[in-house]
Amino acid sequence: NTKYKIAISAILAVFAASLPTVCVILLAKKQGSEAEMSHVMSYAYNVLSRSDRLADQIQYATSRLEKQGGADPCSVENIRLMRQIDLASSYIGVIGFLSSNRLACSSLGIDGGRLDLGDVDIVTPGGSHVWTNVRLPFAPNVSFILVERNGYAAAVHDEMPIDTTTSERDVTLASFNPQSQQVYAFRGYLNDEWMSRLNLEKEVVFIDQGFVVAAVRSEKYSMGAIAALPISHLEDRVRGFALFMLPIGLFAGLALVFTGFYLARQQLSLPVVLRSALRRDEFFLEYQPVVDLRSGVVVGAEVLLRWQRRGGQTVGPDAFLPDAEETAIIQRITER
């Protein structure tokens, strides 16, 4: 019986020691995952914020020019307004009027030269036409995104929507159209299937093909943004959390083991065992006759206390009465 209890206590001790460590590892994994997903999500929203502000400026610019344009989109007043808009804009590189595949006039002056636009890449629900890889005559080595509506066009550097500061070098950033799943601009590795994961949701975050990916949707425009980081960054973050929290888990495990052994020792102490035996009614009485040797008549009986434990073992009074007499338990035994 004692060996059984010792074995059980040892098993419980091992379990108590390992449980906090396991919990710490699971908690570190959970917190690391949440932190990394939140980190990636912040990148996606940063790209989306830049894309929204860019769209705001383009919409404002083309709306003002349409309102003032009149019969001659390339009038002196319109070109002056184009320059004002260009100077006031933090994103627009050049704005002008597009006619017959050339910039008839722009914020840079009259006749911006022929443009090889080719087919439109994206048509937005609002009726704007978007070309995602345009070379302007005055900057042939730079790629621009050109957005045109009702003849007025604004050009922005193709890295402008994704030109956000990141603490990692291998981060993927992308701006795209959620309806057509066509990409406005991107850098890094981009899986086309990531765009479809957004579906009709405002935001999603998931792990796919070794990347932690976040995708978000604009509430104002036909725009979405994606950010992705290799899963190795997640593993590093989990490892960092685990190294920080592991000593706490080990300390908690040792504390539990100490507490468990202390309680077990208390539970196995004889006074505690005697109280349990009383509750389980394990004590009984035997009567030793007292005989008058002269007459052979039974004149009385000696009352003897016996203890039979659950397993059937009978314990003699000399094994437990001395300890019982040192505590108040002897009174309860006497009453029994």
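Predicted, not measured: the structure shown is a model, and the values here were computed from it.

About the criteria used
- Residues numbered from 1 in each chain as written.
- Predicted model: local features only at pLDDT ≥ 70, side-chain atom pairs only at ≥ 80, totals over all residues.
- Heavy atoms only, no water.
- Helix = DSSP H or I, 4+ residues; strand = E, 2+ residues; numbered from the N terminus.
- Buried < 20%, exposed > 50% of the residue type's maximum accessible area, 1.4 Å probe, protein only.
- Disulfide = S-S within 2.5 Å.
- Pairing = 2+ DSSP bridges.
- Axes fitted to C-alpha atoms, helices over the stretch in contact; angles between N-to-C directions.
- Contact = heavy atoms within 4.5 Å.
- Core = buried A, V, L, I, M, F, W, Y, C linked by side-chain atoms within 4.5 Å.

(A) Region of the structure containing the overall build of the protein chain. Scanning the protein chain for helices and strands turns up seven helices and 15 strands. Evaluated residue by residue, the protein chain yields a buried proportion of 43% over its 336 residues.

(B) Quick look at the state of the cysteines. For the structure shown, the criterion picks out one disulfide. Put simply, cysteine 74 and cysteine 105 are joined by a disulfide, and their sulfur atoms are 2.0 Å apart. Its S-S torsion of about -85° marks the bond between cysteine 74 and cysteine 105 as left-handed, since a negative value means left-handed. In this pair, cysteine 74 is assigned in the loop between α1 (2-68) and α2 (76-88) and cysteine 105 in strand β2 (residues 102-106), connecting sequence segments 31 residues apart. With respect to burial, cysteine 74 and cysteine 105 carry one shared label: buried.

(C) Structural context of the sheet that holds strand β9 (residues 182-187). Sheet architecture is open: five strands sit in the order β9-β8-β12-β11-β10, paired in antiparallel fashion. Two strands bound the open sheet, and with one partner strand each, they are β9 and β10 (203-208). Strand-to-strand twist across the sheet, computed as the mean angle between neighbouring axes with direction ignored, equals 15°. Where β10 and strand β11 (residues 211-217) come together, six bridges link them in antiparallel fashion. Residue isoleucine 207 lies in a different strand from β11, and its bridge partner there is valine 212.

(D) A look at the environment of serine 196. Tracing the sequence through the fold places serine 196 in helix α3 (residues 193-198). Between the C-alpha atoms of serine 196 and alanine 215, which are 19 residues apart in sequence, the distance is 9.5 Å.

(E) Examining the environment of valine 156 more closely. Considering the arrangement of structural elements, one finds valine 156 in strand β7 (residues 152-157). When its relative accessible area of 1% is taken as the criterion, valine 156 is described as buried. Other than its neighbours up to four places away in sequence, valine 156 contacts Leu54, Tyr91, Ile92, Gly93, Phe144 and Ile145.

(F) Molecular detail of the sheet that holds strand β15 (residues 314-315). Strand order in this open sheet of three strands is β13-β14-β15, and the pairing throughout is antiparallel. Since the sheet does not close on itself, it has two edges, and those belong to β13 (283-292) and β15, each with one partner. With two bridges connecting them, strand β14 (residues 297-308) and β15 associate as antiparallel partners. By the bridge assignment, tryptophan 307 is partnered in β15 with valine 315. Against the sheet, helix α5 (residues 270-279) contacts β13 and β14, and its axis sits at roughly 115° relative to β14.

(G) Structural detail: α5. Restricting attention to buried positions, one finds in α5 the residues Val273, Leu274, Ser276, Ala277 and Leu278. At the exit of α5 stands aspartate 281, carrying a positive phi of roughly 60°.

(H) A look at the nonpolar core. Formed by 43 residues in total, the largest nonpolar core has its most connected members in Leu65, Met82, Ile92, Ile95, Phe97, Ile145 and Leu173. By residue number, the principal contributor to this core is α1, which donates eleven residues. Setting aside residues no more than four positions away along its own chain, methionine 82 makes contact with Leu65, Pro73, Ile95, Gly96, Phe97, Cys105, Ser106, Ser107 and Tyr152.

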